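Here's the letter readout for the chains.
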Amino acid sequence: MSMASLIKTPFLFFYRILFRKHRGFYKNHATTPFRYETFNPPLASQALMIFDVEGALLKSPSMFPYFMLVAFEGGSLLRALLLLLSYPLTCLVSEEMGLKIMVMVCFFGIKKESFRIGINVLPKFFLEEVGLEMFEVLKRSGGGKLVGVSELPQVMVECFLKDYLEIDFVVARELKVFNGYFVGLMEEKKDIIRLEEILEEDNMIAIAGFTKLLDHQLLSHCKEIYLVGEGDNRRWQKLPREKYPKPLIFHDGRLALAPTPMDALALFMWMPFGFVLAIFRILVHTPLLIKMSHPLYAFSGVHLTVSIPKTKSSYSNTKDEDKSRGLLYACNHRTLLDPHFLALIFNKSFIVVSYSLSRISEIGQPNKIVRLTRNRDEDARIIDSCLNQGDMVVCPEGTTCREPYLLRFSPLFAELSEIIVPVAVNSHVTLFYGTTASGLKFLDPFCFFMNPAPTYNFQILENVSASSTCHDGGKSKFDVANQVQSEIGKALGFECTRLTRRDKYMVLAGNNGTV
């Protein structure tokens, strides 16, 4: 240990004791002796504002959860386990060395072209950690440009800051690449030369973490520096969803929680039990045990709640002249298990139409699966034929959506059935998502059932009135589809959108969703 380190360590110890009573923002006047005072950020300022992402914007400065997401989602279970085992080592070494260890474990051997974790997974978890107080300070910048400075690799934070928080520039660490693959090493210094050429501003201020002031090269260009008291950001409120500059509608990945070290340890300890539990629940999912499914699901921790209209006529065919045709149940889509649980509720099998259900997912299904072709005329013929055979379940969204939003409802179902029963569906998990856009879809039911206590909620709504249908009411198929979407959205408290399956897959997987 050098002499400088011997002097620095006790100095920082007593420094933190002396200044631990201070709270909120503090201002450093570079032209005066070193002192701090409480700072109330201005309502409007044309200054270029630089802020520390980990030390000032996020409630928790810990970078481990984000690297664990990269290791788990972008790598493998083995890579994630290796990162967890290396965590004690990262605590014993310096912060810079710990960061390098996590980068090496998470990125070594990952193909750069296929790395999309920073686009489709991490933004959700970053947004959930943004402090409301700091976000309001950034929004009061008065039109001045915003620059986010981060110690994390650029590929992890750039999409979150630019696309979701509308930050103008991001200064982060670049990763070294060899032959199209990350080698697990970072560039020693941030590339700020290009940024300095673009931002030729005289009026620059910065907001940084209390202990990271000297780490940011850009701060040397600032006239004023405001520091966030150590630990104060932990007491900030979380940024509410309704205040997101850009709504978070789509995200991918299997993990439903931000894995802190303790959460990651609990996750790996749960996996063997969850694996056995998922197999048991899948066996209950098969027609062999369908008669005993309700008590077995309850015994294994699956929660199923149902709301059914008081009058049976609201979800049954009461037209004497049309008894031969089945009802059409139009559901919003949460997971592949939507039709399965609906069959349990009514204790009967349905005909389910699907575009891209895998052959493996069809095994053990209590319902009859019919594949659509994406040809409108042919699909209309298929659906009409199925309605003549019995009751049918359709998910007009065409794909799943995890967040409280409804995608555009395809109008095809509206013109083919006279009796439409809207069904509002919601689900909740704590560890693993039962959906994916870029992963293995046949594992969706397995991942859903690996949760300790997954929940499914169904609301069977009043069927669409005859005066509001295409056949009896003369309504257009688009009006009927929009009405069904609106009723389901109102029942769930979800926001209706015009986004489609194509929009989702372009964001999450970079393709149009054709399987």
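Since the model is a prediction, treat every value here as computed from it, not as a measurement.

Engineer: Describe a nonpolar patch on the surface, naming the residues involved and giving the relevant values.
Structural biologist: A surface patch of nonpolar side chains, about 370 Å² in accessible area, is lined by Phe275, Val276, Ile279 and Leu283. Note that leucine 283 resides in helix H11 (residues 261-285). Among the residues examined, leucine 283 registers a relative accessible area of 47% and is labelled partly exposed.

Engineer: Got a sec to walk through the environment of isoleucine 345? Specific residues and values, please.
Structural biologist: Residue placement: isoleucine 345 occurs in helix H13 (residues 338-346). Owing to a relative accessible area of 18%, isoleucine 345 belongs among the buried residues under this scheme. Remark: the alpha-carbon pair of isoleucine 345 and leucine 304, spanning 41 residues in sequence, is separated by 9.2 Å. What isoleucine 345 contacts, discounting residues up to four positions off in sequence, is Leu304, Val306, Ile308 and Phe458.

Engineer: Would you mind going over the sheet that holds strand E15 (residues 420-428) in detail, with residue names and values included?
Structural biologist: The mixed open sheet is built from seven strands, whose spatial order is E9-E16-E15-E10-E13-E11-E12. In this open sheet, the two strands that pair with only one neighbour each are strand E9 (303-307) and strand E12 (368-371). Across the sheet, the mean angle from the axis of one strand to that of its neighbour is 25°, orientation sign disregarded. As defined by bridge partners, strand E11 (residues 351-354) adjoins strand E13 (residues 392-394) across two bridges and the pair is classed as parallel. Following the sheet pairing, isoleucine 351 is matched in E13 by methionine 392.

Engineer: Explain the nonpolar core residue by residue, including any values.
Structural biologist: Ranked by size, the top nonpolar core spans 106 residues in total, and within it Phe51, Leu57, Phe67, Phe107, Leu161, Phe341 and Leu342 carry the most contacts. Sorting elements by how many residues they give to this core places helix H3 (residues 64-75) first, with eight residues. Not counting residues within four places of it along the chain, the set of residues in contact with phenylalanine 67 comprises Leu83, Leu99, Met102, Val103, Cys106, Phe107, Leu152, Pro153 and Met156. Counting 30 residues, the second-largest nonpolar core is a separate cluster that includes Val370, Val394, Leu416 and Ala424.

Engineer: With reference to specific residues and values, describe the packing of aromatic side chains.
Structural biologist: What the rule picks out here adds up to 16 aromatic pairs. When the centroid spacing of 6.0 Å and the interplanar angle of 15° are considered together, the rings of tyrosine 297 and phenylalanine 449 count as stacked. Of this pair, tyrosine 297 sits in helix H12 (residues 293-300) while phenylalanine 449 sits in helix H16 (residues 444-449), and the two are 152 residues apart along the sequence. Judged by its relative accessible area of 0%, phenylalanine 449 falls in the buried class. Each ring, one from phenylalanine 341 and one from tyrosine 456, has its centre 4.7 Å from the other, and the planes form 40°; the classification is tilted.

Engineer: For H12, give the residues involved together with the corresponding values.
Structural biologist: At 3.6 residues per turn, the α-helix brings residues three or four places apart onto the same side. For H12, the full list of buried residues reads Ser293, Leu296, Tyr297 and Ser300. An end-on view of H12 places all buried positions within 100° of arc, on one side of the element. Across H12 from its buried face, at more than 90 degrees, point the exposed residues Pro295, Ala298 and Phe299. Looking at the buried residues of H12, the elements they touch are H11, H13 and H16.

Engineer: So what about the pairing of strand E5 (residues 175-178)? Which residues, and what values?
Structural biologist: Where E5 meets strand E6 (residues 181-186), three bridges bridge the pair, whose relative direction is antiparallel. Within E6, the residue paired with valine 177 across the bridge is phenylalanine 182. The turn joining E5 and E6, which pair antiparallel and follow one another in sequence, is formed by two residues; a positive phi near 55° is taken by asparagine 179.

Rules behind the numbers
- Residue numbers run consecutively from 1 along every chain, following the written order of its sequence.
- Per-residue local features of the predicted model are confined to residues with pLDDT of at least 70, and side-chain atom pairs are confined, for both listing and counting, to 80 or more; whole-chain, interface and lining totals are unaffected and use all residues.
- The side-chain quantities take in all heavy atoms of the structure and omit both hydrogens and water.
- Only residues whose relative accessible area exceeds 30% and that form no salt bridge enter a patch; like-charged residues are grouped when within 9 Å of one another, and nonpolar side chains (Val, Leu, Ile, Met, Phe, Trp, Tyr) when within 5 Å.
- The method behind every accessible area is Shrake-Rupley, applied with a 1.4 Å probe, and residues are considered shielded solely by the protein chains displayed.
- Within this document, salt bridges are pairs made up of a side-chain nitrogen of Lys or Arg and a carboxyl oxygen of Asp or Glu, the two lying within 4 Å of each other.
- Elements are defined by DSSP. Helices are runs of H or I of four residues or more, strands are runs of E of two residues or more, and each kind is numbered from the N terminus.
- The cut-offs for exposure are 20% and 50% of the maximum accessible area for each residue type, with area from a 1.4 Å probe on protein chains only; residues under the lower value are buried, those over the upper are exposed, and the others partly exposed.
- A contact between two residues is defined here by any heavy atoms of the two lying within 4.5 Å.
- Pairing between strands is defined by DSSP: at least two bridges between the two strands are required.
- Between the N-to-C directions of two axes lies an angle of 0 to 180 degrees, each axis being a line fitted to C-alpha atoms and, for a helix, fitted only over the stretch in contact.
- Side-chain atoms within 4.5 Å link the members of a nonpolar core, which is a set of buried Ala, Val, Leu, Ile, Met, Phe, Trp, Tyr and Cys residues.
- Note on ring pairs: Phe, Tyr and Trp rings are taken, using the six-membered ring of Trp, and paired if centres are within 6.5 Å. Classes follow the plane angle, with under 30 degrees stacked, over 60 edge-to-face and the rest tilted.
- Here, the arc refers to the directions that run from the helix axis to the C-beta atoms.

Just geometry here; none of it tells us what the structure is for.
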